[in-house]
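Here are the chains, one letter per residue:
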Amino acid sequence: MYERIKKQDKKLYELLMGEEKRQKEGLELIPSENYVSHAVKEAMASSLTNKYSEGYPGKRYYGGQEFTDAVETLAQERAKKLFGATFANVQPLGGANANIAFYMAAMEPGNTILGMDLSHGGHLTHGHPVTYVSKIFRFVRYKMKDVETGEIDYEALRETAREELPKVILAGFSAYPRELDWAKIASIAKEVGAISVADVAHIAGLIAGGAAKNPFDYGFDAMTTTTHKTLRGPRGGMILVRESEELAKKVDKAVFPGLQGGPHMHQIAAKAVAFDEASKPSFKKYAKQVVENAKAMASVFKEGGVRLLTGGTDNHLILADVFSSLKISGGEAEKLLDEAGITLNKNAIADDTRKPMDPSGIRFGTPALTTRGLKTKECAHVAEIMLDVLTRRDAKTVALARKEIRMMALAHPIPESFM
Ligand code: DSN
């Protein structure tokens, strides 16, 4: 592995091998991470990385596009089929870019947009004051009505929409374990004449695999997403439009030349590979298992007396308030579990009184564990180990946990192919 790098760059080789070992011998529970197939990696390492191709298929600013045009079209067609869209822009370099480009496409500076509050599960790019886009557009943020069940206050959202008359209503999340009522949000948007867009970055793979509802089936106008989380593709983003050609044209202009330069065509090729993999029957099984595994882990935490935000999970992620339940901060929990070979992230909980760098919660999930072939029984056992570490916290418990996690990881190697 990495034979040429080994010959010419020892320092980098050692770092890459360190990361290989970390991934192989530990268990990955960050819910936005996953392992890609070797076919996806091959596409990312292809000669397409050498090519400039500003523009879109058939309309480029550089020559030599015979194959890039076909690659991008292939990725677009596969994305459209997978999600039931009429238009797909596969050029966004990540989820944040996809969101920003969408705002530029759908709004003028100063326009109002409704988005979910970060501390209630939304994302930084949904209008958090630290972002630059929050200075360009007027974000009004909504919250859950009941953090114990995850219920969104849809009537309050309707009232806010009637008062604010937003240009866009954004729904979607990066730390919300429940399904949104897409139909209700789409109806509110329709009532006030707003464009509805779902940020499905976290659940795109669950949607593709039929384990989560598809916002397009409930009338949403557009979706933004990443391609590397539950969708199990390369790092990157994408924007899908259900049927409006006018909106799709604006999206294309906003992505290029509005926001980005040359598309990363090697990543686009890798997206095409991942979309094909996600269209297979085996991916349906995978998506269903991701949710079952998350529910199994949530049950162990609940039975262990840990407060879960929204009371459980309907998707791939769990948000646990470890500070109130176990008297350990999110930061300390992240560090201890890291020592045990379990990687997850500290996370703010709704209306957290602690600071973002050391909040009250931890967020974890099952996309990567499920890719490694773990089922509900093994996932429940991982949750038991986590609780043990978080409760006892002594060096002996952590060392024993690390040994057991390493054995589990080695018994479930990262697969090279999903076909
Ligand atoms: N970093 C992504 C996540 O972990 O959810 C969102 O940006």
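Just so it is clear, the structure is predicted and the values come from calculations on it, not from any experiment.

1. Points about the overall build of the chain
A tally of regular secondary structure across the chain gives 17 helices and 17 strands. The C-alpha radius of gyration of the chain comes to 21 Å, within 12% of the 22 Å expected for a compact globule of 419 residues. The dimensions of the chain, computed from C-alpha atoms along their principal axes, are 60 × 60 × 40 Å. Looking at the 419 residues of the chain, the share that counts as buried comes to 55%.

2. Section: the side chain of glutamine 91
Within the fold, glutamine 91 resides in the loop between strand 4 (87-89) and helix 5 (95-106). There is a polar contact of 2.9 Å between the side chain of glutamine 91 and the backbone oxygen of glycine 55. When near neighbours in sequence (up to four residues on either side) are disregarded, glutamine 91 contacts Gly55, Tyr56, Arg60, Glu72, Val255, Phe256, Gln260, Pro263, Ile268 and Lys271.

3. Some points on helix 11 (residues 265-278)
Its 14 residues place the ends of helix 11 20 Å apart at the C-alpha level, agreeing with the 20 Å of an ideal helix rising 1.5 Å per residue. Taken across its 14 residues, helix 11 has twelve buried, putting it largely inside the fold. For helix 11, the full list of buried residues reads Met265, His266, Gln267, Ile268, Ala269, Ala270, Lys271, Ala272, Ala274, Phe275, Glu277 and Ala278. Of the surrounding elements, those touching the buried residues of helix 11 are helix 3 (38-44), strand 3 (59-60), helix 4 (66-83), helix 9 (204-208), strand 12 (237-241) and helix 12 (281-303).

4. Structural notes on the UniProt feature "binding site: (6S)-5,6,7,8-tetrahydrofolate" (unreviewed entry) in the chain
Here, the residues flagged by UniProt with the feature "binding site: (6S)-5,6,7,8-tetrahydrofolate" (unreviewed entry) are Leu118, Gly122, His123, Leu124 and Glu245. Spanning 128 residues, the annotated positions stay apart in the fold, the maximum distance between their C-alpha atoms being 31.2 Å. For the second largest pocket, the lining residues drawn from the annotated set are Leu118, Gly122, His123 and Leu124. Here leucine 118 is to be found in the loop between strand 5 (112-116) and helix 6 (133-136). On the basis of relative accessibility, which here comes to 31%, the residue leucine 118 falls in the partly exposed class.

5. Regarding unusual backbone geometry
Residues other than glycine predominantly adopt negative phi, and peptide bonds predominantly adopt the trans conformation. A cis geometry characterises the amide bond from phenylalanine 256 onward to proline 257, with omega recorded as 10 degrees. Its place among the elements puts proline 257 in helix 10 (residues 245-259). One non-glycine residue, tyrosine 2, lies in positive phi territory at about 55 degrees. Mapped onto the secondary structure, tyrosine 2 falls in the segment before helix 1 (3-8). Owing to a relative accessible area of 29%, tyrosine 2 belongs among the partly exposed residues under this scheme. Look at threonine 310: it is not a glycine, yet its phi comes out positive at around 70 degrees. Here threonine 310 lies in the loop between strand 13 (307-308) and strand 14 (317-321). Residue class for threonine 310 comes out buried when judged on its relative accessible area of 2%.

6. Observations regarding the pattern of salt bridges
Counted according to the given criterion, the structure contains 31 salt bridges. We note a salt bridge from lysine 24 to glutamate 20, for which the minimum N-O separation is 3.8 Å. Of the two residues, lysine 24 and glutamate 20 are both situated in helix 2 (residues 10-25); the distance of four residues between them amounts to about one turn of the helix. The class of lysine 24 is partly exposed, set by a relative accessible area of 40%. Through salt bridges that share partners, Glu155, Arg158, Glu159, Arg162 and Glu191 make up one connected network.

7. Brief notes about the packing of helix 7 (residues 154-164) against helix 8 (residues 182-192)
Contact geometry of helix 7 with helix 8 gives a least axis separation of 10 Å together with a crossing angle of 20 degrees. Taken together, the axes of helix 7 and helix 8 are roughly parallel relative to one another. As helix 7 packs across helix 8, the resulting crossing turns out to be right-handed. Residue-level contacts link Tyr154, Leu157, Arg158, Ala161 and Arg162 of helix 7 to Lys184, Ile185, Ser187, Ile188, Glu191 and Val192 of helix 8. For the contact of helix 7 with helix 8, a count of residues per class yields six nonpolar, one polar and four charged.

8. Quick notes on the layout of surface pockets
What the largest pocket holds in volume is close to 940 Å³. Lining the largest pocket are 32 residues, with Glu20, Gln23, Tyr35, Val36 and Lys41 sitting closest to its centre. Residue assignment for the lining of the largest pocket shows that the elements contributing at least two residues are helix 2, strand 1 (27-28), helix 3 and helix 17 (395-411). The dominant element in the lining of the largest pocket, judged by the number of residues it contributes, is helix 2, at six residues. Tallied by class, the residues present in the lining of the largest pocket amount to 14 nonpolar, seven polar and eleven charged. For the second largest pocket, the calculated volume is near 590 Å³. The wall of the second largest pocket is formed by 21 residues, among which Leu118, Leu124, Asn347, Ala348 and Pro356 lie closest to the centre. When residues in the lining of the second largest pocket are grouped by element, the largest group, three residues, is from strand 16 (residues 345-347).

Here is what the cut-offs are and how they apply
- Residues numbered from 1 in each chain as written.
- Predicted model: local features only at pLDDT ≥ 70, side-chain atom pairs only at ≥ 80, totals over all residues.
- Heavy atoms only, no water.
- Helix = DSSP H or I, 4+ residues; strand = E, 2+ residues; numbered from the N terminus.
- Rg over C-alpha atoms; globule rule 2.2 N^0.38 Å.
- Buried < 20%, exposed > 50% of the residue type's maximum accessible area, 1.4 Å probe, protein only.
- Polar contact = N/O pair within 3.5 Å; in protein donor to acceptor, adjacent residues only side chain to side chain.
- Contact = heavy atoms within 4.5 Å.
- Expected span 1.5 Å × (residues − 1).
- UniProt positions renumbered as here; feature names shortened; annotations may be inferred.
- 1 Å grid on protein atoms, 1.4 Å probe; cavity = no way out; pocket = protein on both sides within 12 Å on 5 of 7 lines; lining within 4 Å.
- Salt bridge = Lys/Arg side-chain N within 4 Å of Asp/Glu carboxyl O.
- Axes fitted to C-alpha atoms, helices over the stretch in contact; angles between N-to-C directions.
- Parallel < 35°, antiparallel > 145°, perpendicular 65-115°, else oblique.
- Left-handed = near helix turned anticlockwise from the far one by under 90°.
- Nonpolar A, V, L, I, M, F, W, Y, C, P; charged D, E, K, R; others polar.
- Points joined across faces, edges and corners; volume = space filled by probe spheres on them.

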